Amino acid sequence: MSSKILIAGSGFAGLWAALSAARAVSLAGREGDVEVTIVSPTPNVAIRPRLYEADLADMHPDISALLDAVGVRHLAGLVDSVDSAARTATVRTHDGGWTTLGYDRFILAAGSRLFRPDIPGIGLVFDADQHDSAHALDRHLKALAEAPETPARNTVVVAGGGLTGLETATEMPGRLRAALGPDAAIRTVIVDTAPTIGAAMGAEAVPHIREALGQAGVESRAGLRVAAVEPGAVLLSSGERIETDTVVWSAGMRAHPLAATIPGEHDPLGRVVGDAFLHAPAAPGVFVTGDTVKAATDDQGNFNVMSCQHAMSLGRVAGHNAAAELVGLPLHPYSQPKYVTCLDLGPWGALYTEGWERAVRFVGDEGKAIKREINGVWIYPPAPDRAAVFGIANPDYVIVP
């Protein structure tokens, strides 16, 4: 009977975990002895870092041929629960049924979800967090042209000034112009609890972010939070009421709820605290990766953030190690000391930084060129060429500029 590796999720971490596991099995010459299965609703990868963009084409590429090329099976469904003691997972299948699958190694790569706080009217907000919700926002923006012209129709409020919030806000004026025409009195406002918009990107980046927001015509409300949302308006913690029909939420992430079912220590974001090999230490046979794990990236006290940059490397390591334990290969510790960010800031360009101190290296058009390369090439699934895929699926392979 063959050993079984079961992977929950086909995002960046889940896909690369599958590819890396298949590579390790092949290296050991054990293709007939280990079965690798991904469970996700469809055999697709959501290109989540780009969902703030206006053009949503090719943001959900099909990975069926890629999985076939490396001998990975896809099961359409969702892992609902994991019993690490029995080494079984309960799956809600795509046709509405249920099945229980046994595993020898389980890899949790279910990702993260946007955190929506319990404030009045939170159900009225839009987001660009998932493929479906990004399309819902896009449909809403385009439909605004059919509504009577009012300040609320012409105004978008973006809640959250992190990377996604900044990218959404600086892209929004162009999207509103495209929907409402060049003469509409459009308005975009970004709200964040930090004392300065963009503060999380570091002091060196703040002047560039301020300039980009100004060039895009985005208003800032720093040191504030959204207190309530109502039809046609949003209320800020300062008491200011902004008339708007469109609130886009981008304030905070949490690990997928499935992470909470894995025994052991969890961080405030709901992530399982993993060891150097990405084991869930209190759940034998379980690996945690991507946005569901907190893992040290180096020996300087830094840990992974919820980003595709870290997810792709974490996935490679988790997949390799899960397979390595079954086929007798050495385990590989996770290490990713190189950290970069590339923040798209609309017409102004992009901001590229290096290191955890986020030293600014490229801005404007130079930064934008790097961002286009990252968004359009590096984060996409590779072509379904088995040899080429295995050439870049090793656990120490890292893509950085």
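Scroll up a little and you will see the structure.
Residues numbered from 1 in each chain as written. Predicted model: local features only at pLDDT ≥ 70, side-chain atom pairs only at ≥ 80, totals over all residues. Heavy atoms only, no water.

> Before we go on, may I ask you to explain the pairing of strand 20 (residues 350–354) in this structure?
Across a regular strand the side chains alternate sides, sitting on one face of the sheet and then on the other. Among the five residues in strand 20, five count as buried, and that is most of the element. Judged by which residues are buried, strand 20 turns out to be covered on both faces: Ala350, Tyr352 and Glu354 on one side and Leu351 and Thr353 on the other are all buried. Pairing geometry for strand 19 (residues 340–344) and strand 20, over five bridges, is antiparallel. Residue pairing in the sheet places cysteine 342 in a bridge with tyrosine 352 of strand 20. Turn length for the strand 19-strand 20 hairpin, with the two strands adjacent in sequence and antiparallel, is five residues, and the turn residue glycine 346 shows positive phi of about 65°. (Buried < 20%, exposed > 50% of the residue type's maximum accessible area, 1.4 Å probe, protein only. Helix = DSSP H or I, 4+ residues; strand = E, 2+ residues; numbered from the N terminus. Pairing = 2+ DSSP bridges.)

> I'm lost on the sheet that holds strand 8 (residues 155–159) in this one. Help?
The strands making up a sheet associate through backbone hydrogen bonding, with each pair oriented either parallel or antiparallel. Within the open sheet, the four strands sit side by side as 10-9-8-14. Their pairing is parallel. Unpaired on one side and paired on the other, strand 10 (218–222) and strand 14 (246–249) mark the two borders of the sheet. Between one strand and the next, the sheet's axes are offset by a mean angle of 20°, whatever the strand orientation. Packed onto the sheet, helix 5 (residues 163–180) meets strand 8, strand 9 (187–192), strand 10 and strand 14 and runs at close to 170° relative to strand 9. (Axes fitted to C-alpha atoms, helices over the stretch in contact; angles between N-to-C directions. Contact = heavy atoms within 4.5 Å.)

> Please clarify how the pairing of strand 2 (residues 34–40) should be interpreted in this entry.
Within strand 2, six of the seven residues are buried, which leaves it mostly tucked inside the rest of the structure. In terms of handedness, the path from strand 1 (residues 3–8) via helix 1 (residues 12–27) over to strand 2 forms a crossover that is right-handed. Where strand 2 and strand 3 (residues 73–83) come together, four bridges link them in parallel fashion. In the strand pairing of strand 3, serine 40 is matched with alanine 76. (Right-handed = clockwise from strand over helix to strand, strands pointing away.)

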